[in-house]
Amino acid sequence: MSHLTQIMRGWAAACIVSSIKKQTFDKYNAAYAVDERFTMFSLCARDCVAHTRKFIKENGNPELPTAYIFDRGDEGEELLRKEMVTCGYPAPVFKRSRPDLKHPEIDKEDPFHVQLQACDLAAWEVRRGENDYVSGVPTNELRKSLLALAPIRRIWVETREPDMEGLIQVAKIRKRKRK
């Protein structure tokens, strides 16, 4: 785990995490056909791309080409691909985050990307840290792996109910028919 935090600290200009509570997603999905356009993964991934683009525009060189790479196999790949194109973003790329132990020859043709493991760690640690904080754990007692991310510029956002309401209106997501 310390190896992954070192990757982030050494190579990442920022740690961008987007989250939504399952109960929030489910509440709006019960009333509106949110799942026809998003999964929780595709919604959060799309938001990460938006925050990344803003960060690059404000702090980097927006003229440089940027690839948005996500872990292959996450539910919602096709919805994310459609959403990014709809938003005018480049289509995402999906890669493996871990080696294929059963078929190591695949790694030569399709190498895994350990950086995606670092991204998963960041998302996991932020979620765990939020749960610990809500449970009353003092911030100086949070997990070491989360505290190791502290020196990195953090852009950690949560999609809340007002955000979902705005998204539903802007994206023109249809209301479900009552049964």
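Counting restarts for each chain: residues are numbered from 1 in the order of the written sequence. Residue-level local features of this predicted model are given only where pLDDT is at least 70; pairs of side-chain atoms are given and counted only at 80 or more, and the full residue set underlies all totals for whole chains, interfaces and linings. Hydrogens and water molecules were not included; the side-chain quantities draw on all heavy atoms of the structure.

**Let's talk about the overall build of the chain**
The following threshold applies: Strands are runs of DSSP state E lasting at least two residues, helices are runs of H or I lasting at least four, and both sets are numbered from the N terminus onward. The buried label applies to any residue whose accessible area, calculated with a 1.4 Å probe on protein chains only, is under 20% of its type's maximum; exposed applies above 50%, and partly exposed to all values in between. Whether two residues are in contact is decided by their heavy atoms, any of which lying within 4.5 Å being enough. Areas reported as accessible are Shrake-Rupley estimates using a 1.4 Å probe. Residue values count occlusion only from the protein chains shown.
Of regular secondary structure, the chain possesses 8 helices and 4 strands. Each helix and strand of the chain, ordered N terminal to C terminal, gives the series α-β-α-α-β-α-β-α-α-α-β-α. Going through the 179 residues of the chain one by one, you find that 37% of them count as buried. For the chain, restricting intrachain contacts to residue pairs at least 6 apart in sequence, the fraction spanning at least 24 positions comes to 67%. Here the chain displays about 11,700 Å² of accessible surface, and carbon together with sulfur accounts for 54% of that area.

**A closer look at the packing of aromatic side chains**
Definition in use: Two rings belonging to Phe, Tyr or Trp (six-membered ring only in the last case) form a pair when the distance between their centres is within 6.5 Å. Interplanar angles under 30 degrees mark stacking, angles over 60 mark edge-to-face geometry, and anything in between is tilted.
For the structure shown, the criterion picks out 2 aromatic pairs. Residues F41 and F70 carry aromatic rings whose centres are separated by 6.2 Å and whose planes lie at 90° to one another, so their mutual orientation is edge-to-face. Here F41 is found in helix α3 (residues 40-59), whereas its partner F70 is found in strand β2 (residues 69-71), with 29 residues between them in sequence. Ring centres of F70 and F94 lie 6.2 Å apart, and the angle between their planes is 40°; on these two criteria the pair is classed as tilted. Linking F70 in strand β2 with F94 in strand β3 (residues 93-95), this pair joins segments that are 24 residues apart in sequence. Considered together, F70 and F94 belong to a single accessibility category, that of buried residues. Aromatic rings pair up to connect F41, F70 and F94 into one cluster.

Scope: geometric values only; no functional claims are made or implied.
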